Amino acid sequence: MSFDRFLQLLRELEAHRVEYVLVGGAALNLHGIIRATEDIDFFVRLEDGNVERFKAALRAVWNDPQIEEIKACEMADAFPVIRYGPPNEDFAIDLLSRLGTEFAFDDLDVEEVELEGVRIRLATAATLYRMKKGTVRPIDKADAAALREKFGLED
């Protein structure tokens, strides 16, 4: 994943006033826990206007008609995650409205960080730990252990 493209997307999300929270591997990297990732995970506030602003930010980076297939109504129902694969890129973007029954947008504690002049809404280390500690995926277990060790987190 190109760091410049990542920053460009974050810059557009800020410019379009999108309510989002960066989670997943990219968020871990910004907390100083370096690991490879093939996607960028965003929790988004599930409101039509906000999802439309997210789509406008995507269109500002990629001229791709597939962006129009992203629908807030679908994320509210059976599909709480939509995966978008930008053209000619080697990564995907996951938009999440909830994670199981445990996490929705308003359940996430957020901090704002600045990176190269771009303000980023980032899940706190404690929130990422809560999200990852009880899953069955080995990568999540490793992420939770790294977060616990680095930030002195407890169950």
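Quick summary incoming for the structure in this document. Being a predicted model, the structure only gives us computed values, none of them experimental.

1. Digging into the nonpolar core
Link 1 in the chain: If you look at the biggest cluster of nonpolar residues, it comprises 48 residues, and the most contacted ones within it are L22, F42 and I93.
Link 2 in the chain: Beyond its immediate sequence surroundings of up to four residues, I93 is in contact with L9, I40, F42, F54, L58, W62, I82, R83, Y84 and P86.

2. Describing helix 3 (residues 48–61)
Each α-helix turn comprises 3.6 residues. Residues three or four places apart therefore point the same way.
Link 1 in the chain: Along its 14 residues, helix 3 runs 20 Å from first to last C-alpha, staying within 8% of the 20 Å computed at 1.5 Å per residue.
Link 2 in the chain: Among all positions in helix 3, only N50, V51, F54, K55, A56, A57, L58 and V61 are buried.

3. Topic: the environment of F54
Link 1 in the chain: By the secondary structure assignment, F54 is in helix 3.
Link 2 in the chain: Between the alpha carbons of F54 and V44 there is a distance of 8.4 Å; along the sequence they are 10 residues apart.
Link 3 in the chain: With residues near it in sequence (within four places) discarded, F54 still touches L13, V18, F42, V44, I93 and L95.

4. Structural notes on the packing of helix 1 (residues 3–15) against helix 3
Link 1 in the chain: Where helix 1 contacts helix 3, the two axes come as close as 9 Å, and the packing angle between them is 140 degrees. Here helix 1 is positioned oblique relative to helix 3, judged by the angle of their axes. As helix 1 runs across helix 3, the sense of the crossing is right-handed. Contact with helix 1, carried on its side by R5, Q8, L9, E12 and L13, involves F54, A57, L58, A60 and V61 of helix 3 and no other residues of that element.
Link 2 in the chain: Of the residues belonging to the contact of helix 1 with helix 3, the class tally is 7 nonpolar, 1 polar and 2 charged.

Reading the values: the criteria
Residues numbered from 1 in each chain as written. Predicted model: local features only at pLDDT ≥ 70, side-chain atom pairs only at ≥ 80, totals over all residues. Heavy atoms only, no water. Core = buried A, V, L, I, M, F, W, Y, C linked by side-chain atoms within 4.5 Å. Buried < 20%, exposed > 50% of the residue type's maximum accessible area, 1.4 Å probe, protein only. Contact = heavy atoms within 4.5 Å. Helix = DSSP H or I, 4+ residues; strand = E, 2+ residues; numbered from the N terminus. Expected span 1.5 Å × (residues − 1). Axes fitted to C-alpha atoms, helices over the stretch in contact; angles between N-to-C directions. Parallel < 35°, antiparallel > 145°, perpendicular 65-115°, else oblique. Left-handed = near helix turned anticlockwise from the far one by under 90°. Nonpolar A, V, L, I, M, F, W, Y, C, P; charged D, E, K, R; others polar.

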